[in-house]
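Notes for the structure review
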Amino acid sequence: MESIDENIVKVARCEPTLVKVQAGKTYSWCTCGLSETQPFCDGKHKTIESLLFKPLRIAFEKDEDVWFCNCKRTNNPPYCDETHKISTGPKKANEPE
């Protein structure tokens with residue numbers, strides 16, 4: 001297992017990713033920031049000793065463009081709310097939304 005501070009969310013990027021989502025498809029948004037397939041989960045959180053992180057699964061009712069958060073500090077996961085423009089310091093995994 002990887003030795004990192006498992007309580008801190010890694011900032012993947014300080015900008016959102018635009019994705020054209022498909023109706024009925026389920027997406028797994030990365031919550032730990034370690035995934036190499038941002039903004040989506042690739043299972044990298046499983047390399048963390050404690051399992052505090054799990055992907056947020058979301059399905060959409062219609063085809064649409066969605067801005068997914070990459071800083072992992074949004075107050076409206078998995079959507080970007082531009083928190084990356086004002087965020088300071090690391091967010092803890094158990095920090096309230």
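For the structure itself, look to the data block above.
Just so you know, these numbers come straight off a predicted model, no measurement behind them. (Residues numbered from 1 in each chain as written. Predicted model: local features only at pLDDT ≥ 70, side-chain atom pairs only at ≥ 80, totals over all residues. Heavy atoms only, no water.)

A few points about the environment of W67
Condition: Every helix listed is a DSSP run of H or I at least four residues long, and every strand listed is a run of E at least two residues long, numbered separately from the N terminus. Throughout, exposure labels follow a simple rule: accessible area from a 1.4 Å probe, protein chains only, divided by the maximum for the residue type, with under 20% read as buried, over 50% as exposed, and the rest as partly exposed. Two residues form a contact once any of their heavy atoms are found within 4.5 Å.
Here W67 is to be found in strand 4 (residues 64-68). Looking at W67, the relative accessible area reads 47%, which means it is partly exposed. Between the alpha carbons of W67 and Y79 there is a distance of 5.9 Å; along the sequence they are 12 residues apart. Ignoring anything within four residues of it in the chain, the contact list for W67 reads P16, T17, L18, P78, Y79 and C80.

Describing the nonpolar core
Worth spelling out the cut-off: Note on terminology: a nonpolar core comprises buried Ala, Val, Leu, Ile, Met, Phe, Trp, Tyr and Cys residues joined through side-chain atoms within 4.5 Å.
Within the largest apolar cluster, 11 residues are counted, these being V19, V21, Y27, W29, F40, I58, F60, V66, F68, C69 and C71. When contributions to this core are tallied by element, the ones reaching two or more residues are strand 1 (17-21), strand 2 (26-29) and strand 4. Here V21 is in contact with Y27, F60, K62, D63, E64, V66 and F68, once residues within four sequence places are set aside. Counting 6 residues, the second largest nonpolar core, distinct from the first, contains C30, C32, I48 and F53.

Details of the pattern of salt bridges
Side chains carrying opposite charge are able to pair once their charged atoms draw close together. Rules: By definition here, a salt bridge exists when the distance from a side-chain nitrogen of Lys or Arg to a carboxyl oxygen of Asp or Glu is within 4 Å.
In the structure shown here, the tally under the stated rule is 3 salt bridges. Close ionic contact of K20 with D65 constitutes a salt bridge, the shortest N to O distance being 3.3 Å. With K20 in strand 1 and D65 in strand 4, the pair connects residues that are 45 residues apart, well separated along the chain. The partner of K44 in a salt bridge is E36, and the shortest N-O contact between them spans 3.7 Å.

Description of the packing of aromatic side chains
Put simply, the rule reads: Only Phe, Tyr and Trp rings take part, Trp by its six-membered ring, and two of them pair if their centres are within 6.5 Å. Stacked means planes under 30 degrees apart, edge-to-face means over 60, and tilted covers everything else.
According to the stated counting rule, one finds 4 aromatic pairs in the structure shown. Plain terms: the ring middles of Y27 and F40 are 5.5 Å apart, the flat faces sit at 35° to each other, and that makes the pair tilted. Remark: F40 occurs in the loop between strand 2 and strand 3 (56-59) and Y27 occurs in strand 2; sequence separation between them is 13 residues. Taken together, a centroid distance of 5.8 Å and an interplanar angle of 70° make the contact between Y27 and F60 edge-to-face. Here F60 lies in the loop between strand 3 and strand 4 and Y27 lies in strand 2, a separation of 33 residues in the sequence. Since its relative accessible area comes to 7%, Y27 is described here as buried. Counting every residue linked through ring pairs, the aromatic cluster contains Y27, F40, F60 and F68.

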